[in-house]
Amino acid sequence: TTFGVKFNYMQQKMLLPNQFKKMGWVMLGIAVILWLYLLLSDHDASFNAPVFAFITDEIMGKTEYFKIIQVDILPSLVGTLFIVGGLLVSFSKEPQEDEYIASVRLASMQWAVLFSYGLLLFAFMFIFGLAFLTVMQYNMFTVLILFIARFHFVLFLNSKK
């Protein structure tokens, strides 16, 4: 028991049914393709649309609150697809969810968080200026990426035994 609460690995109610994993992989795939498009092309902000913003500010401009603004929505769409897809892949049950899978899931999550914060600590110490903001932007996704990669890699290694 932890803090008087019994935890049983077999009663993980926070996991989604396995069918959500396929949808998550599709969303992740679309997000990666769109991200590569943004990264490798001369994206000209052709996906402008009016959106509601809680807060917005221009460089050297004034901060405004609760306003409809015109903005390129493609980067937000890519981030949203990546996060939702990554969460669906990460928190969907495996076809045979057992105590071993639960322990691999927990160990992979702990490993991903520690490694991600290690990268962030490195960035705080050795990366400065606008490059640091870029690192911070990518760091938002590292826990999901590292968890998915390690979890499935460990399951793959186990399936070979």
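It should be noted that the structure appears before, not after, this text.
Residues numbered from 1 in each chain as written. Predicted model: local features only at pLDDT ≥ 70, side-chain atom pairs only at ≥ 80, totals over all residues. Heavy atoms only, no water.

Participant: I keep staring at a nonpolar patch on the surface and nothing clicks. Help me out?
Facilitator: A contiguous nonpolar patch, built from Val32, Trp35, Leu36, Leu39, Leu40 and Tyr138 and spanning about 550 Å² of accessible area, is present on the exposed surface. Within the fold, Leu36 resides in helix H1 (residues 19–40). (Patch = residues over 30% accessible without salt bridge, like charges linked within 9 Å, V, L, I, M, F, W, Y side chains within 5 Å. Areas by Shrake-Rupley, 256 points an atom, 1.4 Å probe, with all protein chains shown as cover. Salt bridge = Lys/Arg side-chain N within 4 Å of Asp/Glu carboxyl O. Helix = DSSP H or I, 4+ residues; strand = E, 2+ residues; numbered from the N terminus.)

Participant: Whenever I open this one, the packing of aromatic side chains confuses me. Can you help?
Facilitator: What characterises a pair of aromatic rings is the spacing of the ring centres plus the angle enclosed by the ring planes. In this structure the tally under the stated criterion is 10 aromatic pairs. Geometrically, the ring pair formed by Phe54 and Phe66 is edge-to-face, given 5.9 Å between the ring centres and 80 degrees between the ring planes. Of the two residues, Phe54 is situated in strand S1 (residues 48–57) and Phe66 in strand S2 (residues 63–72); the sequence distance between them amounts to 12 residues. Taking the centre distance of 5.3 Å and the plane angle of 80 degrees together, the rings of Phe82 and Phe141 count as edge-to-face. (Phe/Tyr/Trp six-rings, centres within 6.5 Å; stacked < 30°, edge-to-face > 60°.)

Participant: Help me understand the nonpolar core, please; the structure alone is not making it clear to me.
Facilitator: Inside soluble globular proteins, nonpolar side chains tend to come together where they are buried. If you look at the biggest cluster of nonpolar residues, it comprises 17 residues, and the most contacted ones within it are Leu28, Phe82, Val104, Phe147, Ile148, Phe151 and Leu155. When contributions to this core are tallied by element, the ones reaching two or more residues are H1, helix H2 (74–90), helix H3 (99–126) and helix H4 (130–159). With 7 residues, H4 is the single largest residue contributor to this core. For Val104, the residues in contact, after removing those within four places along its chain, are Phe151, Val154 and Leu155. (Core = buried A, V, L, I, M, F, W, Y, C linked by side-chain atoms within 4.5 Å. Buried < 20%, exposed > 50% of the residue type's maximum accessible area, 1.4 Å probe, protein only. Contact = heavy atoms within 4.5 Å.)

Participant: What is the right way to look at the pairing of S1 in this model?
Facilitator: In regular strands, side chains alternate between the two faces of the sheet. Relative to S2, S1 runs antiparallel, the two sharing 9 bridges. In the sheet register, Ala49 faces S2, and the bridge partner there is Val71. Here S1 folds back onto S2 in antiparallel fashion, the turn holding 5 residues, of which Met60 has a positive phi close to 60 degrees. (Pairing = 2+ DSSP bridges.)

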